[in-house]
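Letter by letter, the chains look like this.
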Amino acid sequence: SQQGEEDPQALSIQEGENATMNCSYKTSINNLQWYRQNSGRGLVHLILIRSNEREKHSGRLRVTLDTSKKSSSLLITASRAADTASYFCATDAYSGGGADGLTFGKGTHLIIQP
Amino acid sequence: DVKVTQSSRYLVKRTGEKVFLECVQDMDHENMFWYRQDPGLGLRLIYFSYDVKMKEKGDIPEGYSVSREKKERFSLILESASTNQTSMYLCASTYAVPSYEQYFGPGTRLTVT
């Protein structure tokens, strides 16, 4: 199965700065999603971008998708301490035969310094 | 509000025990999933189910089985727990394919001693 790879593995920035995380994947996708996980908790869905979309916004989040490069980026603007978490990209490869699970990357651990 | 619940947040079991992890969703979702999460390995899919009594193997099904007798409930079974199954287990559900966001439960941290 394909897997997304986030970059960097860890990122530490000052509160108020912007944080950018990248994700690369290997094969064609239907959509790409970003999730957040606070320490020791379940994942929370942030945003979904379809393969025919290039950019999507949700509040302070901006996601881009470049299918020619098989990559995506997640930008968090004006970061806050509460944004401290791990961020995962996830890809699907629906084949029409049923529901596949998503394939997750290993995550970027983001720390926002007050 | 969408909700996925898991039966335990923390669980400690002995090697060789049979372990049941329960997951319940209240969203009438067709599809449910079990993942395990390990440091440095990310999330890996164990099993998924797209309908009652239906199941499909994910990437790492060995040592696990599942049961889906009712739409809202998806159980993960460790037939004979081993120490290498110590992990965080995450359940998720989703409504439709192909474009679907998954809703996750809070996770069960299982320790096998």
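Residues numbered from 1 in each chain as written. Chains lettered and ligands numbered in written order. Predicted model: local features only at pLDDT ≥ 70, side-chain atom pairs only at ≥ 80, totals over all residues. Heavy atoms only, no water.

Enquirer: Where do I start with the overall build of chain B in this structure?
Expert: Within chain B one finds zero helices and 11 strands. Counted from the first residue to the last, chain B has its helices and strands arranged as β-β-β-β-β-β-β-β-β-β-β. Taken over C-alpha atoms, the radius of gyration comes to 13 Å for chain B, in line with the 13 Å a tight globule of 113 residues would show. For the C-alpha atoms alone, the extent of chain B along its principal axes is close to 40 × 30 × 25 Å. When burial is assessed residue by residue, chain B has 48% of its 113 residues classed as buried. Counting contacts in chain B only where the partners sit at least 6 residues apart, residues at least 24 apart contribute 55% of the total. Looking at chain B as shown, the accessible area adds up to about 5300 Å², and 49% of this sits on carbon and sulfur atoms. For chain B, the separation between the mean place of its 15 positive charges and that of its 15 negative charges on side chains is 7 Å. (Helix = DSSP H or I, 4+ residues; strand = E, 2+ residues; numbered from the N terminus. Rg over C-alpha atoms; globule rule 2.2 N^0.38 Å. Buried < 20%, exposed > 50% of the residue type's maximum accessible area, 1.4 Å probe, protein only. Contact = heavy atoms within 4.5 Å. Areas by Shrake-Rupley, 256 points an atom, 1.4 Å probe, with all protein chains shown as cover. Lys, Arg positive; Asp, Glu negative; His and termini not counted. Charge placed at Lys NZ, Arg CZ, Asp CG, Glu CD.)

Enquirer: Explain the interface of chain A and chain B here, please?
Expert: How big an interface is tends to be stated in terms of the accessible area lost upon association of its parts. Contact residues are listed per partner, giving 24 residues for chain A and 24 residues for chain B. Across the interface of chain A and chain B, roughly 1900 Å² is buried in total on both sides, 54% from carbon and sulfur atoms. Between chain A and chain B we count seven residue pairs in polar contact (both at pLDDT 80 or more) in total. Of all the secondary structure elements, the ones that give two or more residues to the side of chain A that touches chain B are β4 (31-37) and β5 (43-50) of chain A. (Buried area = accessible area lost by both parts, 1.4 Å probe. Polar contact = N/O pair within 3.5 Å; in protein donor to acceptor, adjacent residues only side chain to side chain.)

Enquirer: Sorry if this is basic, but what is going on with the packing of aromatic side chains here?
Expert: The geometry of an aromatic ring pair is captured by two quantities: the separation of the ring centres and the angle between the planes. Residue and element names in this part refer to chain B. Within the structure shown, the criterion is met by eight aromatic pairs over all chains. The interplanar angle of 25° and the centroid separation of 6.3 Å between the aromatic rings of Phe 33 and Tyr 35 together place this pair among those described as stacked. Overall, the relative accessible area of 0% leaves Phe 33 in the buried class. Under the relative-accessibility criterion, Tyr 35 is labelled buried at 0%. (Phe/Tyr/Trp six-rings, centres within 6.5 Å; stacked < 30°, edge-to-face > 60°.)

Enquirer: Looking at this structure, how should I read the sheet that holds strand β1 (residues 4-6) of chain B?
Expert: Within a sheet, adjacent strands bond to each other through the backbone by hydrogen bonds, running parallel or antiparallel. Residue and element names in this part refer to chain B. The strand order across the open sheet built from four strands is β1-β3-β8-β7, with neighbouring strands paired in antiparallel fashion. At either end of the open sheet lies a strand with only one pairing partner, and these are β1 and β7 (64-70). Each neighbouring strand pair of the sheet contributes to a mean axis angle of 20°, computed without reference to strand direction. As judged from the six bridges shared by strand β3 (residues 19-25) and strand β8 (residues 73-78), these two strands associate in the antiparallel manner. Bridged to Val 24 within β8 is Arg 73. (Pairing = 2+ DSSP bridges. Axes fitted to C-alpha atoms, helices over the stretch in contact; angles between N-to-C directions.)

Enquirer: Explanation requested: the pairing of strand β3 (residues 19-24) of chain A in the structure shown.
Expert: Within a regular strand, side chains alternate between the sheet's two faces. Residue and element names in this part refer to chain A. Residues Ala 19, Met 21 and Cys 23 line the buried face of β3, whereas the alternating positions Thr 20, Asn 22 and Ser 24 sit on a face that is not buried. Relative to β3, strand β1 (residues 5-7) is paired through three bridges, and the arrangement is antiparallel. In the sheet register, Glu 5 faces β3, and the bridge partner there is Ser 24. Summarising the sheet, β3 and strand β8 (residues 71-76) pair through six bridges and their orientation is antiparallel. Paired with Ser 24 across the strands is Ser 71, a residue of β8.

Enquirer: Can you help me understand the confidence of the model for chain B in this one?
Expert: Confidence along chain B averages 93 in pLDDT terms, with 96% of residues attaining 70 or more. Mean pLDDT across the elements of chain B ranges from a minimum in strand β5 (residues 42-49) of chain B, with 91, to a maximum in β8(B), with 98. (pLDDT = per-residue confidence, 0-100.)

Enquirer: Just checking my understanding: could you explain the side chain of B:Ser75 for this structure?
Expert: All names here are of chain B. On the secondary structure map, Ser 75 appears in strand β8. Assessed through its relative accessible area of 7%, Ser 75 is described here as buried. Of the polar contacts made by the side chain of Ser 75, one reaches the side chain of Glu 22; its length is 2.7 Å. In this structure Ser 75 touches Leu 21, Glu 22, Trp 34, Ser 65, Val 66 and Ser 67, once residues within four positions along its chain are discounted.

Enquirer: Would you mind showing me how to read the state of the cysteines here?
Expert: Put plainly, a disulfide is one covalent bond tying together the sulfur atoms of two cysteines. One pass over the full model with this rule turns up two disulfides over all chains. Here A:Cys23 engages in a disulfide with A:Cys89; their sulfurs sit 2.0 Å apart. Between A:Cys23 and A:Cys89, the S-S dihedral sits near 65°, and the bridge is therefore right-handed. Taken together, the residues span a long stretch of sequence, with A:Cys23 in strand β3 and A:Cys89 in strand β9 (residues 85-91) at a distance of 66 residues. This pair shows no difference in class: A:Cys23 is buried, exactly as A:Cys89 is. Paired by a disulfide, B:Cys23 and B:Cys91 hold their sulfur atoms 1.9 Å apart. Negative torsions about the S-S bond denote left-handed disulfides, and the value of about -75° found for B:Cys23 with B:Cys91 makes this one left-handed. Taken as a pair, B:Cys23 in strand β3 and B:Cys91 in strand β9 (residues 87-94) lie far apart in primary sequence, 68 residues in all. (Disulfide = S-S within 2.5 Å.)

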